[in-house]
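For reference, the chains in residue letters:
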Amino acid sequence: MNSQANLTPPLPEGRWALFLDIDGTLLEHAAHPDAVSVSEELRILLERIERRLDGALAFITGRSIAAVDHLFAPLKLRIAGLYGLEHRLLPDGKIEAADEPADMAALADEIELELASKAVYVERKGPVLAIHTRAAPQLLARATELVEAALTRLPQGYRVIAGNAGVELMPLEAAKGAAIRRFMQLDPFTGRRPVFLGDDTSDENGFDTVNAAGGISIRVKPQGETAARFAIEDVASALAWLEANFAEPATQTASRNLVA
């Protein structure tokens, strides 16, 4: 997709299901994942969108569900955490959690020993290991080497995902597209067209899934090629687009900053 394309009109009237990545999409990135905060305005916006969509709104995120609940408290939404390894199918429902395997724990200990003192944050998320190098971009190559080398020591079924400012090691079944498909089979999502907003490499699988379902895929601040059909400039523009298209009457003009 060429991110320098023409402006596109607002969403047409229809029954939509909305799926949202968090970091880099709803919130600006920070050097440490815990350094971000959620404004009351964003909480209220999400509540308004959920009501308008009759509940057909879900987070699709690499964060754990516990971390998201802490960040957005007291708001709780439907959510797929850890790229779909965790689920909460109802806002007040039971969490299907994922534990940290022993081999992943041992690997995380080793990587922390080498990198944690060098402004690199090693985030342990159960079966997912994320290495954040936003505060030390010169160490991204080394972090990538470490996780790629670990593939030969771990059981089969893991993959490495390189991101904008870090790298992650995760099971093959951790895929945002699979999480979106699961929600789309359930009320109140079933029978609707999906919309997915994301900003990073790990969101590409979700874009593919939404495209195949005839939905709307949007990448925030795209860098290079993407499967997303549309692009939007930055987090502020993404929030404005969501406000105009999902929290206000669909007849209002809302197409600024969204490009195909």
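Scroll up for the structure.
Residues numbered from 1 in each chain as written. Predicted model: local features only at pLDDT ≥ 70, side-chain atom pairs only at ≥ 80, totals over all residues. Heavy atoms only, no water.

## Quick look at helix H5 (residues 176-184)
For H5, the full list of buried residues reads Lys 176, Gly 177, Ala 179, Ile 180, Phe 183 and Met 184. The arc that holds the buried residues of H5, viewed along the axis, is 160°, so those residues lie on one side. Against the buried residues of H5 lie strand S1 (16-20), strand S2 (57-60), strand S3 (78-81), strand S4 (86-88), strand S9 (193-198) and helix H6 (204-212). (Buried < 20%, exposed > 50% of the residue type's maximum accessible area, 1.4 Å probe, protein only. Helix = DSSP H or I, 4+ residues; strand = E, 2+ residues; numbered from the N terminus. Arc of directions from axis to C-beta. Contact = heavy atoms within 4.5 Å.)

## A look at the environment of Ile 218
Here Ile 218 is to be found in strand S10 (residues 216-220). A relative accessible area of 0% means that Ile 218 is categorised as buried. Along the chain, Ile 218 and Thr 25 lie 193 residues apart, while their C-alpha atoms are 9.9 Å from each other.

## A look at the pairing of strand S7 (residues 158-162)
Pairing of S7 with strand S8 (residues 166-171), which is carried by five bridges, proceeds in the antiparallel orientation. Bridged to Val 160 within S8 is Leu 169. Here S7 folds back onto S8, and the loop between the two strands holds three residues. (Pairing = 2+ DSSP bridges.)

## Considering the sheet that holds strand S6 (residues 128-132)
The strand order S5-S6-S8-S7 describes an open sheet built from four strands, whose pairing is antiparallel. Taken across any chain shown, the strands that pair with only one partner, and hence form the sheet edges, are strand S5 (121-125) and S7. With strand direction ignored, the average angle separating the axes of adjacent strands in the sheet is 15°. Looking at chain direction, S5 and S6 are connected through five bridges and run antiparallel. (Axes fitted to C-alpha atoms, helices over the stretch in contact; angles between N-to-C directions.)

## Points about the packing of aromatic side chains
A full pass over the atoms with the stated rule returns six aromatic pairs. Ring centres of Phe 19 and Phe 183 lie 6.2 Å apart, and the angle between their planes is 40°; on these two criteria the pair is classed as tilted. Taken together, the positions of Phe 19 in strand S1 and Phe 183 in helix H5 put the pair 164 residues apart, joining distant regions of the chain. Of the two residues, Phe 19 and Phe 183, neither departs from the other in class, the shared state being buried. Between Trp 241 and Phe 246 the ring centres are 5.8 Å apart and the planes differ by 70°, which places this aromatic pair in the edge-to-face class. The same class applies to Trp 241 and to Phe 246, which are both buried. A network of ring pairs unites the aromatic residues Phe 19, Phe 183 and Phe 189 as a single cluster. (Phe/Tyr/Trp six-rings, centres within 6.5 Å; stacked < 30°, edge-to-face > 60°.)

## Observations regarding the nonpolar core
Membership of the largest hydrophobic core comes to 50 residues, with the highest contact counts inside it found for Leu 18, Phe 19, Leu 46, Phe 59, Phe 72, Val 195 and Phe 246. With residues up to four places along the chain from it excluded, the contact list for Phe 72 reads Ile 22, Val 38, Leu 42, Arg 43, Leu 46 and Phe 59. One finds Val 120, Leu 129, Ala 150 and Leu 169 within the second-largest nonpolar core, a separate group that totals 19 residues. (Core = buried A, V, L, I, M, F, W, Y, C linked by side-chain atoms within 4.5 Å.)

## Observations concerning the pattern of salt bridges
With the rule as written, the count across this model stands at 17 salt bridges. Where Arg 124 meets Asp 109, a salt bridge forms, and the shortest distance between an N and an O atom there is 2.6 Å. Here the residue Arg 124 occupies a position in strand S5, and Asp 109 occupies one in helix H3 (residues 102-115), the gap between them amounting to 15 residues. Ionic contacts of the salt-bridge type, sharing partners, join the residues Glu 100, Asp 109, Glu 112 and Arg 124 into one network. (Salt bridge = Lys/Arg side-chain N within 4 Å of Asp/Glu carboxyl O.)

## Describing the side chain of Lys 176
With respect to the helices and strands, the residue Lys 176 is situated in helix H5. For Lys 176, a relative accessible area of 2% gives the class buried. Those residues within four positions of Lys 176 in sequence are excluded, and the remaining contacts are Asp 21, Ile 60, Thr 61, Gly 62, Tyr 83, Phe 196, Ser 202, Asp 203, Asn 205 and Gly 206.

## Observations regarding the packing of helix H1 (residues 40-52) against helix H7 (residues 235-246)
Between H1 and H7, the shortest axis-to-axis distance is 10 Å and the interhelical angle comes to 35°. Two packed elements cross with a definite hand, and for H1 against H7 that hand is left-handed. Across the interface between the two elements, Leu 42, Leu 45, Arg 48, Ile 49 and Arg 52 of H1 pack against Leu 239, Leu 242, Glu 243, Asn 245 and Phe 246 of H7. Split into classes, the residues belonging to the contact of H1 with H7 amount to six nonpolar, one polar and three charged. (Left-handed = near helix turned anticlockwise from the far one by under 90°. Nonpolar A, V, L, I, M, F, W, Y, C, P; charged D, E, K, R; others polar.)

## Describing unusual backbone geometry
Negative phi characterises most residues that are not glycine, and trans characterises most peptide bonds. Note the cis peptide between Ala 73 and Pro 74, where omega equals 10°. With omega at 5°, the peptide bond leading from Asp 187 into Pro 188 counts as cis. Within the secondary structure layout, Pro 188 lies in the loop between H5 and S9. Phi at Tyr 83 is positive, roughly 60°, even though this residue is not glycine. Examined against the element boundaries, Tyr 83 turns out to sit in the loop between S3 and S4. Phi at Lys 221 takes a positive value of approximately 50°, unusual for a residue other than glycine. Note that Lys 221 resides in the loop between S10 and strand S11 (230-232).

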